[in-house]
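Coordinate inspection notes
Each chain, letter by letter, is given below.
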Amino acid sequence: MNVLVLNCGSSSAKFAVIDPQTRRELVSGIAQRLGSAEASLDWKHNGTRQTRALPGAGHDAALRAVVEMLREMGLVSSLVGIGHRVVHGGEQFSGSMLITSEVVAKVEACIPLGPLHNPPNLLGIRLAQELFPGLPQVGVFDTAFHQTMPPVAYTYPVPYEWLERYGVRRYGFHGTSHRFVARQALALAGLPADDHAVVTAHLGNGSSCTAVLNGRSVDTTMGLTPLEGVMMGTRSGSVDPAIIAHVARQGNGTEQDALDALNKKSGLLGVSGLSNDLRTIEQAAGEGHARAQLALDIFCYVLAKHLAGLVVPLGRLDALVFTGGIGENSTLVRRRVIEHLGFLGLTIDPDANDTHGRHHQGRITTSTRPQALVVPTNEELMIAMDTVEIVQGAAVSSEH
Ligand code: AMP
């Protein structure tokens, strides 16, 4: 009982075939640089990596090539459904949904909120419907997990009409990852499903943190867009919005230029002037590069401030969970953040911090309540699990 997971971006399409019961990934890959002469299809199957040039291929040709490949592997007939990652579900979706024409219309209505992501997500859905007629398709939304936030957490202190007219509110992102790792953490930390206070830190090129109370998101750091919150690879995270007008005036650029710089030229890259990649920053800081050191210091400091803030809606902290490329791999960031948060009762276990990571999940503190854990995220598996659950539910209800 396999699921094809699709994540279509503007110039790429990631895919994986997963058996949610065994949690096995049978094949995974990415079609990238779509629309260019360098377009290619890269995939991993049975432990070996392969690549194929697809010069000039767009999403359509790339997905057809993926289907052909899956057919050759004998996987097409094993598929029970297709799970699509959809970035912005606005207030329309509080959970994963079987895709119908009504659902497609609602995703279209969310395009103003996710102008970069929702159109390619929709394209993926349309192509998959054409390529796999009759196979159930499920939409899994990055924002859905955060729809349980109360008004006090999602309402910005701005003119209230902005919420009513333009949908200006906190939506939050990375919901599939936060939901997955929070669930995994319960089992690891022995926390009851109906009584836990967990903060999850998804730290990658884009980063966000979430307060999870008894399985529900009650607050999160990203907002209307993924620009808000903690410092990221190229995004500033939360800053004074008046910076935009100030820089536009002083620098003779437009406000859009300044906003673009907050998205693409800020964060680790902006402060260090070197790179958005934490590995480069850590290495340069170790070699005495002052601005790389400053970038690293701000990253850990701002992150710790946001994490501490997320304890407010929880009232207590049972577990802090690190995930994402940085959360799973950077022993340095984890140690420094835990040191900042020592006042909460967290104490780092240096050996456990060194040995845990992407391939070995577990506790990295000597303290057990609260404790900090590393849990590798697996958004594709979560999408596959949701898809099977919904497909099976739909099959049962159509039998009645
Ligand atoms: P993601 O977006 O989740 O793939 O995460 C990308 C980020 O993880 C980049 O900033 C990488 O530098 C960082 N990262 C990956 N491996 C390591 C590592 N071994 N040490 C520190 N950072 C890492």
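Residues numbered from 1 in each chain as written. Predicted model: local features only at pLDDT ≥ 70, side-chain atom pairs only at ≥ 80, totals over all residues. Heavy atoms only, no water.

Let's talk about the overall build of the protein chain
The condition that has to hold: We count a stretch as a helix when DSSP gives it H or I for four or more residues in a row; a strand needs E for two or more, and each element gets its number in order from the N terminus. To sort residues, take the accessible area from a 1.4 Å probe on protein chains only and compare it with the maximum for the residue type: under 20% means buried, over 50% means exposed, and anything in between is partly exposed. Contacts are assigned to residue pairs that have any heavy atoms within 4.5 Å of one another. Asp and Glu are treated as the negative residues and Lys and Arg as the positive ones, with His and the ends of the chain left uncounted. Charge coordinates come from a single atom per side chain, which is NZ of Lys, CZ of Arg, CG of Asp or CD of Glu.
Check the secondary structure of the protein chain and you find 16 helices and 14 strands. Taking the principal axes of its C-alpha atoms as reference, the protein chain extends roughly 55 × 55 × 50 Å. Looking at the protein chain as a whole, 51% of its 400 residues qualify as buried. Counted over contacts in the protein chain with a minimum sequence separation of 6, partners at least 24 positions apart contribute 61%. Here the protein chain carries 32 positive and 37 negative side-chain charges, and the mean point of each set is 2 Å from the other.

Quick look at the packing of helix H10 (residues 278–286) against helix H11 (residues 290–309)
Going by this rule: Simply put, an axis is a line fit to the C-alpha atoms, just over the touching stretch for a helix, and the angle between two N-to-C directions goes from 0 to 180 degrees. To sort the angles, those under 35 degrees are grouped as roughly parallel, those over 145 as roughly antiparallel, those from 65 to 115 as roughly perpendicular, and the leftovers as oblique. Crossings are sorted by hand: turned counterclockwise from the far helix by less than a right angle, the near helix makes the crossing left-handed, and turned clockwise it makes it right-handed. In the scheme used here, Gly and all other residues not listed as nonpolar or charged are polar, with Ala, Val, Leu, Ile, Met, Phe, Trp, Tyr, Cys and Pro taken as nonpolar and Asp, Glu, Lys and Arg as charged.
Between H10 and H11, the least distance of the axes is 8 Å, while the angle of their chain directions is 120°. Here H11 runs oblique to H10, going by the angle between their axes. Crossing handedness for the pair H10 and H11: left-handed. Listed contacts from H11 to Leu278, Ile281, Glu282, Ala284 and Ala285 of H10 are Ala292, Gln293, Ala295 and Leu296. In the contact of H10 with H11, the residues fall into seven nonpolar, one polar and one charged.

Description of the sheet that holds strand S7 (residues 97–98)
The test is simple: Should DSSP find at least two bridges between two strands, the strands are regarded as paired.
A sheet is described by the order of its strands in space; here eight strands give the open sequence S5-S4-S3-S2-S1-S6-S8-S7, paired in mixed fashion. The open sheet has two free edges, formed respectively by strand S5 (48–53) and S7, since each of these has just one partner strand. Bridging between S7 and strand S8 (residues 137–141) involves two bridges; their strand directions are antiparallel. Paired with leucine 98 across the two strands is valine 138, which belongs to S8.

Thoughts on the packing of aromatic side chains
The geometry of an aromatic ring pair comes down to the distance between the two centres and the angle between the two planes. For clarity, the threshold we go by: Ring pairs shown here join Phe, Tyr and Trp side chains whose ring centres sit within 6.5 Å, with only the six-membered ring taken for Trp; geometry is labelled stacked below 30 degrees between planes, edge-to-face above 60, and tilted in between. In our convention, an over-ring charge means Lys NZ or Arg CZ found within 6 Å of a ring centre and within 35 degrees of that ring's normal.
All chains considered together, the criterion is met by one aromatic pair. Ring plane angle 5° and centroid distance 4.0 Å describe the contact between phenylalanine 93 and phenylalanine 141, whose orientation is recorded as stacked. Of this pair, phenylalanine 93 sits in the loop between strand S6 (79–86) and S7 while phenylalanine 141 sits in strand S8, placing them 48 residues apart in sequence. Lying across the ring of tyrosine 154, arginine 169 places its NZ or CZ 3.8 Å from the centre. A cation over an aromatic ring shows up here: arginine 169 above the ring of tyrosine 171, its NZ or CZ 4.9 Å from the ring centre.

Observations regarding the sheet that holds strand S13 (residues 362–363)
Strand order across the open sheet formed by six strands is S11-S10-S9-S12-S14-S13, with mixed pairing between neighbours. Whereas interior strands pair on both sides, the edge strands pair on one side only; in this sheet they are strand S11 (216–220) and S13. Bridge analysis of S13 against strand S14 (residues 371–374) gives two bridges, and the strand direction is antiparallel. Along S14, the bridge assignment pairs glycine 362 with valine 374. Contacts between helix H6 (residues 175–189) and the sheet are confined to strand S9 (197–203), strand S10 (207–213), strand S12 (319–323), S13 and S14, with S9 contributing the most and set at about 130° to the helix.

What to know about the pattern of salt bridges
Quick reminder of the rule: We define a salt bridge as a contact between a side-chain nitrogen of Lys or Arg and a carboxyl oxygen of Asp or Glu at a distance within 4 Å.
Inspection of the entire model under this criterion finds 15 salt bridges. We note a salt bridge from aspartate 219 to arginine 170, for which the minimum N-O separation is 3.8 Å. Linking aspartate 219 in strand S11 with arginine 170 in the loop between helix H5 (160–166) and H6, this pair joins segments that are 49 residues apart in sequence. Taken individually, aspartate 219 and arginine 170 each receive the classification buried, so the pair is uniform in this respect. In this structure, a network of salt bridges that share partners links the residues Asp195, Arg316, Asp318 and Arg369.

Thoughts on the side chain of serine 367
Rules: Here a polar contact means two N or O atoms within 3.5 Å. Within protein one must be a hydrogen donor candidate and the other an acceptor candidate, and residues neighboring in sequence count only if both atoms are side-chain atoms.
Position of serine 367 among the secondary structure elements: in the loop between S13 and S14. For serine 367, the side chain forms a polar contact with the main-chain oxygen of glycine 345, separated by 3.4 Å. A polar contact of 3.2 Å, which involves the side chain of serine 367, links it to the backbone nitrogen of threonine 347. Apart from the residues lying within four places of it in its own chain, the contact partners of serine 367 are Gly345, Leu346 and Thr347.

Observations concerning the pairing of S12
S12 sits mainly inside the fold: five of its five residues count as buried. Because side chains alternate across S12, one face comprises the buried residues Ala319, Val321 and Thr323, and the other comprises Leu320 and Phe322, equally buried. Here four bridges tie S12 to S14, and the two strands are oriented parallel to one another. Across the sheet, residue alanine 319 finds its bridge partner in S14, namely glutamine 371.

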